[in-house]
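Per-entry structural report
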Amino acid sequence: MTEAITPAALGDLVQIENGVYVFSQPDWGWGLNNSGVIVSGDTALLVDTCFTERRTNRLREEIRRVSTSPVKYVVNTHHHGDHTFGNYQFPEATIVGHPYCREKILSEGLDVVPYFGAVDFGDIRISPPTLCSDARSTILLGEVTVEVIPVAPAHTLGDVVVWLPQQRVLFAGDVALNGSTPVITDGSLAGSRLALGILRSLKPRLVVPGHGPTGGPEIFDAVAGYFDLVESAARRGYTRGLTPLEAARATTLGEYAEWSDSERLVANIARTYSELRGEPIGTPLARKEIAPMMTEFAGHPLRCLA
Ligand SMILES: [Zn+2]
């Protein structure tokens, strides 16, 4: 049975730098991401679309409010539906992403939809990246240089971040969240740490996380601190033979208890167990087992206000 929920308000586009905007969707929990919009000359580039048809329609309207330039590129930071389900609503754009992002969008399709039964997805259709690279690449958008930098494995095995070297603005995707619990079910703990190092080395002035308010590089420190907690929780639980749920329950979240969707700790411990067992990075976890454990830890169904 699915609980009746009131969806969060539709997102708003806010300018953070000349020609650089963030479409933000509080409360930034499950399914509520940030998108980025960069406008230069007579073209625009979008970083990620939204989870539902209605939300991406709003994003389109908000872009129209600030610019008449067509969206020429949509860069997907990774394959998850809250960043890609709206791709098809930009048929005029070339969708750019990591080859793994394309592969997962094609193989998973809409598999995640039943896990979020209360959400009105609308008429969602799959539209994967058609311009794919696992190398660093540059898009020259009018006067603005846009760098697409692969950092996988991290949140997934196909993450890229979008870096504006002139403005020193970084769109970090879900490699770095702010005030929202990171999740590495489909990624890697070790890889996430290396990725944070790459992001730090860029020395960004502004960091737009995949979920949560825009901030500065201090976001990386908070996320790294959380990963330390995940690792020590997982090592303790692994040695004692605990399930990920038991290990999560034996952990004091401390300052991270404030972050939304803290049940992700269960999935993060499960991923770390896989790495402690020496399994290859990216070994799939059983989503069918992990999702119920997260629900049990939270004490309620996953809270998705999309
Ligand atoms: Zn994600």
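The written sequence of each chain sets the order in which its residues are numbered from 1. In keeping with the predicted nature of the model, local features appear solely for residues at pLDDT of at least 70, side-chain atom pairs appear and are counted solely at 80 or more, and the whole-chain, interface and lining totals rest on all residues.

In this section: the overall build of the protein. Each helix is a run of H or I in the DSSP string that is no shorter than four residues. Each strand is a run of E no shorter than two, and both are numbered from the N terminus. Along the backbone of the protein there are eight helices and 12 strands. Over its C-alpha atoms the protein spans a radius of gyration of 18 Å, differing by no more than 12% from the 19 Å that the globule rule assigns to 306 residues. In terms of overall dimensions, the protein has a C-alpha envelope of 60 × 45 × 35 Å along the principal axes. Note on burial: count the other C-beta atoms lying within 10 Å of the residue's C-beta; 20 or more is buried, 12 or fewer is exposed, in between is partly exposed, and C-beta positions come from the backbone. Within the protein, the proportion of its 306 residues that are buried is 46%. The contact rule is simple: place each C-beta atom from the backbone, and if two of them lie within 7 Å, those residues are in contact. At a minimum sequence separation of 6, the contacts of the protein that also span at least 24 residues come to 67%. Here the globule rule reads 2.2 Å times residues to the power 0.38, and the radius of gyration is calculated from C-alpha atoms.

This next bit is on the packing of helix H4 (residues 189–201) against helix H5 (residues 218–240). When two helices pack together, you describe them by how their axes are tilted relative to each other and by the distance separating the axes. Across the interface, H4 lies against H5 with an axial gap of 11 Å and an inter-helix angle of 165°. One way to sum up the angle between H4 and H5 is to call them roughly antiparallel. Crossing handedness for the pair H4 and H5: left-handed. Here Leu189, Ser192, Arg193, Leu196, Leu199 and Arg200 of H4 lie close against H5, whose contacting residues are Phe220, Val223, Ala224, Phe227, Val230 and Glu231. Three residue categories are used. Nonpolar comprises Ala, Val, Leu, Ile, Met, Phe, Trp, Tyr, Cys and Pro, charged comprises Asp, Glu, Lys and Arg, and polar comprises the others, including Gly. A breakdown of the residues in the contact of H4 with H5 according to their chemical character gives eight nonpolar, one polar and three charged. Interaxial angles span 0 to 180 degrees and are taken between N-to-C directions of axes, which are lines fitted to C-alpha atoms, for helices over the stretch in contact. Any angle that is under 35 degrees is reported as roughly parallel, and any over 145 degrees as roughly antiparallel; angles of 65 to 115 degrees are reported as roughly perpendicular and all others as oblique. A clockwise turn of the near helix away from the far one marks a right-handed crossing, whereas an anticlockwise turn of less than a right angle marks a left-handed crossing.

That's the geometry; what it means functionally is another story.
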